[in-house]
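# Coordinates in review
Each chain is listed here by its residues.
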Amino acid sequence: MEYLPNIVFAVALVLGIGFFARNVKKLSRNIKLGKDVDVSDNKSQRWKNMAKIALGQTKMVVRPIAGLMHVIVYVGFIIINIEVLEIILDGLLGTHRLFSSLGSLYNFLIGSFEVLALLVIVAVVVFWIRRNIIRIQRFIKPEMKGWPKTDGNMILYIELVLMTLFLTMNAADFQLQQLGADHYVQAGTFPVSQFIVPLLDSLSESSLILVERTAWWLHILGILAFLNYLYYSKHLHILLAFPNTYYGKLKPQGQFNNLESVTNEVKLMMDPDADPFAAPAEDDVAEPEKFGASDVMDLNWVQLLNAYTCTECGRCTSECPANQTGKKLSPRKIMMDTRDRLEEVGKIIDANKGEFVPDGKQLLDDYISREELWACTTCNACVQACPVSIDPLSIIVEMRRYLVMEQSAAPTELNNMMSNIENNGAPWPYNQMDRLNWVNE
Ligand code: SF4
Ligand code: SF4
């Protein structure tokens, strides 16, 4: 019986980490459904970007209020969770405040964690007010109804509860230390939770132990539950922001990728020595590649990683000129739709023993409409605004490429322009012979 709490703790830990590992495996399988893309270049620049953007949060603070609050929650949450290491070891070994032998360093750490916990609570309350009372425009766009709204609030509630449990646990512990209770070593400074102590003043030692133990257990079980909630939430970005910024686009923003097959075709057309009737080389007779993307498997794996990393912050949408002028397009929705469809494809694969069975649906039309795609001005404002280096434009361009090259389904104005370029060498409907007529006018 003496070891029962340790055994229960070990089981909870194994289950929590086990479910998380299962979700990570699923996540990685889904991302790998994307096409391969070579992002092995310029490693030093990639590491720098990751350190600057993901770790340093440099793009977050472009909007100072939200940015500063986010930095507090991010730093606070990460640093306070260093304490989780002690909690885990205490839980497994049956010790209490195992690291207290660090002396004044330990006291300093616990004191700093408490200050950070208070700041996190303040930041979370401000975030909640911005979302639910002030109702900032980017949080109430059509794509933010239903689950995305609930998810955004749920994360705030979970963080609030975890921080409150942490401070309650410390307050009860502090009081037990004052009473000289067995097992409760004199350790830590409690600059914030000391103000909760008066609320516990009337409790007996056994009730205080009950409060301390309950808060301790709920705190660690809450962290394990939160870890498993990540996969279903936009909060997955706390993990994926790092690889996503590492694999972010390094080329100049306006530079699009060319299709190799088309480039070769054009080069062949422009080569005066090429024989137009030459038989294709043996290795050229493979099935022609699909142009562009109509579903998630046609996108590359970095684009799918982008979709899972999206924080749904809406900075992209608030900067998008198409969205600002009332068009249906929202770059955030493009990312959310891509993730939703990818999840749907993943579930089909799970239900069919690892095989994808076509379900008659696709990203194009079933999730993202043509109206949205053609509303994009390709200005790159969304890419510039994204705090975690997501590129919604690349998905839009791939899907447009599919519409143009596979379905010839561009808007009439574009089709006319492309026919003119093909026939006249210019976007205008004039014969090439008439090009210099303007000189005589
Ligand atoms: S590139 Fe397209 S989606 Fe992005 S901001 Fe510009 S118009 Fe909007
Ligand atoms: S794409 Fe980037 S800017 Fe847009 S909602 Fe997602 S994280 Fe925010």
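Residues numbered from 1 in each chain as written. Chains lettered and ligands numbered in written order. Predicted model: local features only at pLDDT ≥ 70, side-chain atom pairs only at ≥ 80, totals over all residues. Heavy atoms only, no water.

Turning our attention to the site of ligand 1. Ligand 1 sits among 13 residues. The nearest are Cys-320, Cys-376, Cys-379, Asn-380 and Cys-382. Mapped by element, the contributors of at least two residues to the shell around ligand 1 are α17 (381–385) and α18 (392–405). By residue class, the composition of the shell around ligand 1 is 10 nonpolar, three polar and no charged. (Near = heavy atom within 4 Å. Helix = DSSP H or I, 4+ residues; strand = E, 2+ residues; numbered from the N terminus. Nonpolar A, V, L, I, M, F, W, Y, C, P; charged D, E, K, R; others polar.)

Mapping Ser-294 onto the fold places it in the loop between α10 (260–270) and α11 (301–309). Classification of Ser-294 by relative accessible area gives buried; the value is 3%. For Ser-294, the residues in contact, after removing those within four places along its chain, are Gln-362, Leu-363, Leu-364 and Tyr-402. (Buried < 20%, exposed > 50% of the residue type's maximum accessible area, 1.4 Å probe, protein only. Contact = heavy atoms within 4.5 Å.)

Now for the packing of aromatic side chains. How two aromatic rings sit relative to each other is set out by the distance from centre to centre and by the angle between their planes. In total, this model carries 11 aromatic pairs according to the counting rule given. When the ring of Trp-216 is compared with that of Trp-217, the centres are 5.3 Å apart and the planes differ by 80°; the resulting orientation is edge-to-face. For the pair Phe-226 and Tyr-229, a centre-to-centre distance of 6.4 Å together with 20° between the ring planes defines the contact as stacked. Here Tyr-229 and Phe-226 lie together in helix α8 (residues 205–229), a separation of three residues that amounts to about one turn. Note on accessibility: Phe-226 and Tyr-229 belong to one class, buried. The rings of Trp-47, Tyr-246, Tyr-247 and Trp-301 are connected pair by pair, giving a single aromatic cluster. Here the guanidinium or amino end of Arg-131 rests over the ring plane of Phe-139, the centre of that ring lying 4.4 Å away. Cation over ring: Arg-213 sits above Trp-216, and NZ or CZ is 4.6 Å from the ring centre. (Phe/Tyr/Trp six-rings, centres within 6.5 Å; stacked < 30°, edge-to-face > 60°. Lys NZ or Arg CZ within 6 Å of the ring centre and 35° of its normal.)

Turning our attention to the site of ligand 2. Inspection of the region around ligand 2 gives 13 residues, with Cys-310, Cys-313, Gly-314, Cys-316 and Cys-386 positioned closest. For the shell around ligand 2, the residue count by class is eight nonpolar, two polar and three charged.

The subject of this paragraph is empty space enclosed by the protein. Considering all chains together, one arrives at four cavities of 30 Å³ or more under this definition. Along its surface, the largest cavity is lined by 30 residues, and Met-60, His-70, Phe-127, Lys-234 and His-237 are the ones closest to its centre. Secondary structure elements with two or more residues in the lining of the largest cavity: α2 (43–55), α3 (64–80), α5 (104–132), α6 (147–179) and α9 (237–246). With six residues, the single largest contributor to the lining of the largest cavity is α3. Per-class residue counts for the lining of the largest cavity are 18 nonpolar, six polar and six charged. (1 Å grid on protein atoms, 1.4 Å probe; cavity = no way out; pocket = protein on both sides within 12 Å on 5 of 7 lines; lining within 4 Å. Points joined across faces, edges and corners; volume = space filled by probe spheres on them.)

Counting across every chain of the model gives 15 salt bridges. The salt bridge involving Arg-63 is made with Glu-319; its shortest N-O contact spans 3.0 Å. Of this pair, Arg-63 sits in the loop between α2 and α3 while Glu-319 sits in helix α12 (residues 315–319); the two residues are 256 residues apart in sequence, bridging distant segments of the chain. Given a relative accessible area of 25%, Arg-63 falls into the partly exposed group. Through salt bridges with shared partners, a single ionic network connects Asp-295, Arg-341, Glu-344, Asp-359 and Lys-361. (Salt bridge = Lys/Arg side-chain N within 4 Å of Asp/Glu carboxyl O.)

Just geometry here; none of it tells us what the structure is for.
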